[in-house]
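Summary of the model geometry
Read off the chains here:
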Amino acid sequence: MFSTRHSIALLFNTNKGFDRNVIAGIGDYLQASKVDWDVYLEDNFTGDANEIKRWRCDGIIADCNMAGIAVALEQHELPVVGIGGTFQKASKYPCLPFVATDNYKIVELAYQHLKSKGLKNFAFYGFPIDESCLWALEREQALLSLCKEDGYDCSVYRGQTMQASTWQESMNCLETWLKSLPNPIGIISANDVRARHLLQACSHTKKAVPETISIVGVDDDETEQNLSQVSLSSVAHGANEIGFKAAKLLHQRIKNPNLKNKLVTVAPLGVEKC
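Here the structure is a predicted model, which is why all the values come from computation and not from measurement. (Residues numbered from 1 in each chain as written. Predicted model: local features only at pLDDT ≥ 70, side-chain atom pairs only at ≥ 80, totals over all residues. Heavy atoms only, no water.)

To continue, consider the sheet that holds strand β11 (residues 263–266). To summarise the sheet geometry, strands pair through backbone hydrogen bonds and adopt either a parallel or an antiparallel arrangement. In space, the six strands of this open sheet follow the order β2-β1-β3-β4-β5-β11, with parallel pairing throughout. Strand pairing shows two members of the sheet lacking a second neighbour, β2 (37–41) and β11, which therefore form its edges. Direction aside, neighbouring strands of the sheet carry axes that sit 20° apart on average. Sheet topology places strand β1 (residues 6–11) next to β2; five bridges connect them, and they run parallel. Bridging from a neighbouring strand, H6 pairs with W37 of β2. Against the sheet, helix α1 (residues 17–33) contacts β1, β2, β3 (59–63) and β4 (80–85), and its axis sits at roughly 170° relative to β2. Along the sheet, helix α9 (residues 239–255) contacts β1, β2, β3, β4, β5 (98–101) and β11; its crossing angle with β5, the most-contacted strand, is approximately 170°. (Pairing = 2+ DSSP bridges. Helix = DSSP H or I, 4+ residues; strand = E, 2+ residues; numbered from the N terminus. Axes fitted to C-alpha atoms, helices over the stretch in contact; angles between N-to-C directions. Contact = heavy atoms within 4.5 Å.)

So, about unusual backbone geometry. The step from N183 to P184 runs through a cis peptide bond, and the omega angle for that step is -5°. Along the chain, P184 turns up in the loop between α6 (167–180) and β8 (185–189). Residue P210 is reached from V209 by a cis peptide bond, and omega for that bond is 5°. Relative to the assigned elements, P210 resides in the loop between α7 (192–204) and β9 (213–218). With phi around 50°, D220 is a residue other than glycine that occupies positive phi space. Tracing the chain through its elements places D220 in the loop between β9 and α8 (222–226). Classification of D220 as partly exposed rests on a relative accessible area of 29%. (Buried < 20%, exposed > 50% of the residue type's maximum accessible area, 1.4 Å probe, protein only.)

This is the structure we're talking about:
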């Protein structure tokens, strides 16, 4: 057992399946290492960067995909570890110890899965460009790069931020995009939430899945998959491993605050076929 107890803050959005799995990985490290941590986890952290400045604890692990969080953490004097996704440009990483899911390999797995079906038409359904969705842009660019290498065209649709007040309009636009695509086609969505939108749009437009449109999501989120009557293939993150390694890295930082910043990349587990 460790002789010193530390207060640790986890800054995550527990509404996200990926974040919940990362938190589970942090828990795995606590159980395996027997560190004496008092863990604070806000039920629904809203990503208030100003709030972080007032935190009084011994260390922080945070989802840096939330807007403004990385900058606020860079200015914090406490031991901090960020988690997020990989970037093609090293300059985009926060100046923090960082554990990242490999966005390029995620898309590459999905792409190879679709190619194995003999498909030669590809598309990507992402998110509007926003500071909190840079991971989606990285995945989009990865697919464009892979298709260019193989000489394939790739259609990209970022869509709209889905809200109750504009839901029908957003779905109508998504359906219009689907109708414009050549068939058969493989579509990679930025995550499983967007994949579910695609499945609904296919149902509305009478597009057969997977005969006409094959879809691969990202996250392997059981909740999202259960909300659709059509099975979904999805790339599974190594989210638990990300959490485990982030907790281990924070433990090292607490013991030795002078450790240099470090980037740890975690590969996806594979395509879960449904």
